[in-house]
Amino acid sequence: MLLNQINSPADLKKLSVPQLETLAEEIRGFLIEKLSITGGHLAPNLGVVELTLALHYLFDSPKDKFIFDVGHQSYVHKILTGRKGRFDTLRKYKGLCGFVKMSESEHDVWEAGHSSTSLSAAMGMAIARDLKGEDNKIVAIIGDGALTGGMALEAMNHIGHERKNMTVILNDNEMSIAPNVGALHNYLNKIRTDKHYNKVKEEFEHLLKKIPAIGGTLAKTAERLKDSLKYLVVTGVWFEELGFKYFGPVDGHNLTQLFETFKQAEKVNGPVLIHVITVKGKGYLPAEADSHAWHGGGPYKIESGQFVKVVGPPVYTDVFGNTLIELAEKDERIVAVTPAMPKGSGLEKFADAFPGRMLDVGIAEQHAATLCAALSLEGMKPVFAVYSTFMQRAYDQIVHDICRQNTNVVFAIDRAGFVGADGETHQGVYDIAFMRSIPNMVLMMPKDENELRHMMKTAFDYNEGPIAVRYPRLNGVGVKMDEELKPIPIGSWETVREGEKFAILASGAPMLELAASAAELLKSDGINPRIVNARFLKPLDENMLIGLYEDGYHLLTLEEGAVLGGFGSAVLEFYASRGIYGVKVKPIGIPDYFVEHGSPKEQRQEVGLTPERIVTEMKAMLPRKRQAAGLKSR
Ligand SMILES: Cc1ncc(C[n+]2csc(CCOP(=O)(O)OP(=O)(O)O)c2C)c(N)n1
Ligand SMILES: CC(=O)[C@@H](O)[C@H](O)COP(=O)(O)O
Ligand SMILES: [Mg+2]
């Protein structure tokens, strides 16, 4: 196996093109085999085997810098840079990261997980390189989906203006996670498919060069003629007008074509954009046939192409999608907006049921948020369906457009809390802190999927401004679902377990489960804590908080969110702002660092979101002398 001889990119340089082609097939086989056990982003990586080989063959990483957008398609890069032996640990706790990771290799020069950052990063590195007088090459690899992200266009605007030497590789496989959307996608499609463009291109470009440069007013007309002719036939003219020299479309699975194109591009001074056409899932028929399903998934049977655990969508996602349909049948104002995650956000059935009322805007969270604000001002009832982590992209729009104008936007915040294998770039752990501090915002989290349904009813009945419900990436909690949907009084908590002396205020199913486990452990100490479903993170249940203080409870708050500025902070602020200093409050949540990939259970264990930790914290709140004597609480 040639693959066994490849331990660094230098090993590639000795190979012939036929050998590289053989190596490509071996890498494909390696990916299919390894990911059948670990799961992961199979289709994106099968699509970039030849492209990544060409990069490492022609450039000189890490001196030349490769910047992968999103980074979910960096497995081949990792195989070629000495990490193929770690693939059994892919996306596992303390194992190989599923995205680019600087701590893993000197060849990893830019980390991501969120899309559309590669061009800004490339520009920053190009400017730094030139200021330092260095001469390394900078190559950004961005997908057609990531190109729909607003900051990619912001970067292109800057790059085209400064005209720094860099190479942008547009990996165009017509797919985002779902089929790609948008005018840019349609434009790329035209370039990709219109053979006419390519056939006449050479002749016309040749002709254009023949038009003599002439003086006077005629010159302007001739120039305008050249430009309009150029527009007609030169492919990639949109990129050219933005200051890039466009090459393509190039077959991204043909090494010879890739090498030829890269060699031509090397001669260009200034930014170059190479439009590479690839097949997402290339070389594994189930993934080629349905690259949406195979964008990222769990373990599978190679022969049958069946996932080992036919894991439906996370139960909250599914309940959200089904309940939204139920509500939309009675309310034609309801419109769903998703930034490129229709399936992940549970909106596919809604889209089928209500054509035209599910808007996939591409990877454009900022646009999605402001769009919702305007939809609401015009009398619609928009739901912004977004993962907690990706919602971070739209913070200003949420403040400036949605909340400040007090619009009736419903937020369906999915993947709230630890998400597991995607790790630190995807944890949904900051939205409590950043949403609760915005005026007019209401923020809820259900104790189970049945309460999610009632919260959705609450949200869509609410007409006092923005209202958000956050829910975790959880499969199969399994509770009885109420037929009738009843709105929940805003700001009302619920005692789910009576107790004395201590009260655990827990937000969301994972935390309520944790509280119940801690209560079990505490029985032997004669401590019987009250457990409260703190289902509103804003506004707080002020009556209950006053009552808990007056009844002398010691409080612990539990949140699967950043403890800095989170729910526990809100409770502390509540008491402090009323001059109540005699109540003990212990906020328990995620400490101030980024929690890497693993399972949510391992992540909770790592940060101390465990029953044992709660027991320790509770005992620490007992009066010193009683503790010292090892006495049980009163
Ligand atoms: C800001 C942001 N929003 C959403 C996502 C979720 N996401 C991950 S990959 C992806 C599609 C990327 O498409 P493309 O860039 O074309 O890469 P491909 O998977 O096709 O290789 C999306 C939407 C993300 N990573 N970042
Ligand atoms: C790479 C990326 O951002 C997406 O593919 C993300 O991994 C999807 O997450 P879910 O699997 O939770 O839908
Ligand atoms: Mg794509």
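Residues numbered from 1 in each chain as written. Chains lettered and ligands numbered in written order. Predicted model: local features only at pLDDT ≥ 70, side-chain atom pairs only at ≥ 80, totals over all residues. Heavy atoms only, no water.

Once that is clear, we can look at the coordination of the magnesium ion (ligand 3). Coordination of the magnesium ion (ligand 3) by the protein comes from D144 (OD), N173 (OD1) and M175 (O), over a distance range of 2.0 to 2.1 Å. With a relative accessible area of 2%, D144 lands in the buried category. Residue N173 is classed as buried on the basis of its relative accessible area of 12%. (Donors = N, O, S within 2.8 Å, 3.2 Å for Na, K, Ca; no water. Buried < 20%, exposed > 50% of the residue type's maximum accessible area, 1.4 Å probe, protein only.)

In total, this model carries 35 salt bridges according to the counting rule given. In this structure, R129 engages D130 in a salt bridge whose closest nitrogen and oxygen atoms are separated by 2.7 Å. For the salt bridge of K523 with E520, the shortest nitrogen-to-oxygen distance reads 2.9 Å. With a relative accessible area of 47%, E520 lands in the partly exposed category. Several salt bridges share partner residues, and in doing so they unite K78, R83, E104 and D108 into one network. (Salt bridge = Lys/Arg side-chain N within 4 Å of Asp/Glu carboxyl O.)

Turning our attention to the domain arrangement of the protein. Here the protein is partitioned into domain 1 (2–194 + 234–289), domain 2 (195–233), domain 3 (316–470) and domain 4 (494–629). When each unit is reduced to the centre of its C-alpha atoms, the spacing between domain 3 and domain 4 is 27 Å. If you look at the interface, domain 3 gives 28 residues, while domain 4 gives 34 residues. Interface area, domain 3 with domain 4, both sides summed: about 2,400 Å², of which 57% is carbon and sulfur. Contact with domain 4 buries area across many residues of domain 3, yet F418, R436 and K447 alone supply 33% of it, more than any other trio. (Domains from an automatic or database assignment. Contact = heavy atoms within 4.5 Å. Buried area = accessible area lost by both parts, 1.4 Å probe.)

On to the site of ligand 1. Looking at ligand 1, there are 23 residues lining it, with H72, G113, G145, K280 and E365 nearest. At 2.9 Å from an oxygen atom of ligand 1 is found a main-chain nitrogen or oxygen belonging to M175. K280 has a polar side-chain atom sitting 2.7 Å from an oxygen atom of ligand 1. Here ligand 1, which alone exposes 580 Å², has 98% of that area covered by the protein. When grouped by side-chain class, the residues that make up the shell around ligand 1 number 9 nonpolar, 10 polar and 4 charged. Viewed by domain, the shell around ligand 1 spans two of them, domain 1 (2–194 + 234–289) and domain 3 (316–470), each represented by three or more residues. (Near = heavy atom within 4 Å. Polar contact = N/O pair within 3.5 Å; in protein donor to acceptor, adjacent residues only side chain to side chain. Areas by Shrake-Rupley, 256 points an atom, 1.4 Å probe, with all protein chains shown as cover. Nonpolar A, V, L, I, M, F, W, Y, C, P; charged D, E, K, R; others polar.)

Turning to the site of ligand 2, a few remarks are in order. Close to ligand 2 lie H41, H72, F99, G113, I177, H295, Y387, F390, R415, D422, H426 and R473. Measuring from an oxygen atom of ligand 2, one finds a side-chain N or O atom of H295 at 2.8 Å. Measuring from an oxygen atom of ligand 2, one finds a side-chain N or O atom of Y387 at 2.6 Å. When ligand 2 is considered free in solution it has 360 Å² of accessible area, and contact with the protein chains removes 85% of it. Looking at side-chain class alone, the shell around ligand 2 contains 4 nonpolar, 5 polar and 3 charged residues. Composition of the shell around ligand 2 by domain shows at least three residues from each of domain 1 (2–194 + 234–289) and domain 3 (316–470).

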